[in-house]
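Remarks on the overall topology
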Amino acid sequence: MSTVPSPIPAPPAAGPLVLPDQAPPLAQVEQLVHASARIHGHLCPGQVIGVRMSILGLGLLGFGCPLGMPEIKHIVGFVEIERCLADAVAVATGLRFGRGSLRLVNQGLLAATFLDTVSGRAVRLVSREQPRQTALEMYPNESNPHTAQVLAYRVMPDAALFDAQWVRVPLAPDQMPGVRPPKVPCMGCGVLIRSGQVHRVDGRDLCALCAGKAYFLPVTPPQ
Ligand SMILES: [Zn+2]
Ligand SMILES: [Zn+2]
């Protein structure tokens, strides 16, 4: 953990988070789901959940979805799964992995957090399990449960779809949006380490490979 204090201000005291007992406008949901499904490659329940999560999360922070200027520069999204939901959040919000405004914290959870780095407010939304069953009850004639879920998740109230809480996300200064951490040469192999991903081992600054954290194994040609 960084010892430098986070530049994000403490969030103002927040009351209990009561979610709306209604859904956002259907036209907005459908437009974003359509755009997301086109990028993602198929229309699935995860696309609808991701879109609904994006509209709700940004709305609780006081912003529209997709994000406009200038707020898109100071919002950071965290998605907790690398599958369908992540694509939907990227397309719906406009936040991007390639710009550091969307981060993957792969915990295998259908959850996402949206952080406003100016106000310090952050809200974490978790997809509830009950709606999977509720969807089948709403569309009893739909033989494909995925289709029933896609249809139902578009219109179910926010309060039924999600649990939400205000949280604090202590981002280190070099992890703030728009900040480029200095490049550090690896003391093992000399490669330049970018994006603050230095591994400190026994007082040496090492790249992931030299630190023994490679995600791949070398292939040696047969003798
Ligand atoms: Zn999908
Ligand atoms: Zn190295």
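Residues numbered from 1 in each chain as written. Chains lettered and ligands numbered in written order. Predicted model: local features only at pLDDT ≥ 70, side-chain atom pairs only at ≥ 80, totals over all residues.

**Things to note about the overall build of the protein**
Each helix and strand in the protein was counted, giving six helices and nine strands. For the protein, the spread of C-alpha atoms along the three principal axes comes to 60 × 55 × 30 Å. Expressed as a percentage of the 223 residues in the protein, the buried residues total 35%. Long-range pairs, those at least 24 residues apart, make up 63% of the contacts in the protein between residues at least 6 apart in sequence. (Helix = DSSP H or I, 4+ residues; strand = E, 2+ residues; numbered from the N terminus. Buried ≥ 20, exposed ≤ 12 C-beta atoms within 10 Å, placed from the backbone. Contact = placed C-beta atoms within 7 Å.)

**Details of the sheet that holds strand 5 (residues 162–167)**
Picture the strands of a sheet paired through backbone hydrogen bonds; they go either parallel or antiparallel. Taking strand neighbours across the sheet as the criterion, the five strands line up as 2-1-3-4-5 in an open arrangement whose pairing is mixed. In this open sheet, the two edge strands, each paired with only one partner strand, are strand 2 (102–104) and strand 5. The average undirected angle you get between the axes of adjacent strands in this sheet is 20 degrees. Examined bridge by bridge, strand 3 (residues 111–116) and strand 4 (residues 122–127) share five bridges and lie antiparallel to one another. Bridge pairing links phenylalanine 114 to valine 123 in strand 4. With respect to the sheet, helix 2 (residues 45–60) is in contact with strand 3, strand 4 and strand 5, its orientation differing from that of strand 4 by roughly 155 degrees. (Pairing = 2+ DSSP bridges. Axes fitted to C-alpha atoms, helices over the stretch in contact; angles between N-to-C directions.)

**Observations regarding the domain arrangement of the protein**
Partitioning the protein into domains gives domain 1 (26–173) and domain 2 (180–223). The C-alpha centroid of domain 2 is placed 34 Å from the C-alpha centroid of domain 1. (Domains from an automatic or database assignment.)

**Things to note about the nonpolar core**
One finds Leu85 and Val89 to be the most contacted residues of the largest nonpolar core, which totals 49 residues. Elements represented by at least two residues in this core include exactly helix 1 (26–40), helix 2, strand 1 (75–79), helix 3 (84–93), strand 3, strand 4, helix 5 (145–155) and strand 5. (Core = buried A, V, L, I, M, F, W, Y, C linked by C-beta atoms within 7 Å.)

**Side note on the pairing of strand 3**
Walk down a regular strand and you will see the side chains alternate between the two sheet faces. In terms of burial, strand 3 is a largely internal element, six of the six residues being buried. Side chains Ala111, Thr113 and Leu115 project from strand 3 onto one buried face, and the interleaved Ala112, Phe114 and Asp116 project onto a second face that is buried too. Sheet analysis places strand 1 next to strand 3, joined by five bridges and oriented antiparallel. Paired with valine 76 across the strands is leucine 115, a residue of strand 3. Where strand 3 hands over to strand 4, the hairpin turn is made up of five residues, of which glycine 120 adopts a positive phi near 85 degrees.

**Points about helix 2**
Relative to the 22 Å expected for 16 residues at 1.5 Å per residue, helix 2 spans 22 Å between its end C-alpha atoms, a close match to the ideal helical length. Within helix 2, 15 of the 16 residues are buried, which leaves it mostly tucked inside the rest of the structure. At the C-terminal side of helix 2, glycine 62 shows a positive phi close to 95 degrees. (Expected span 1.5 Å × (residues − 1).)

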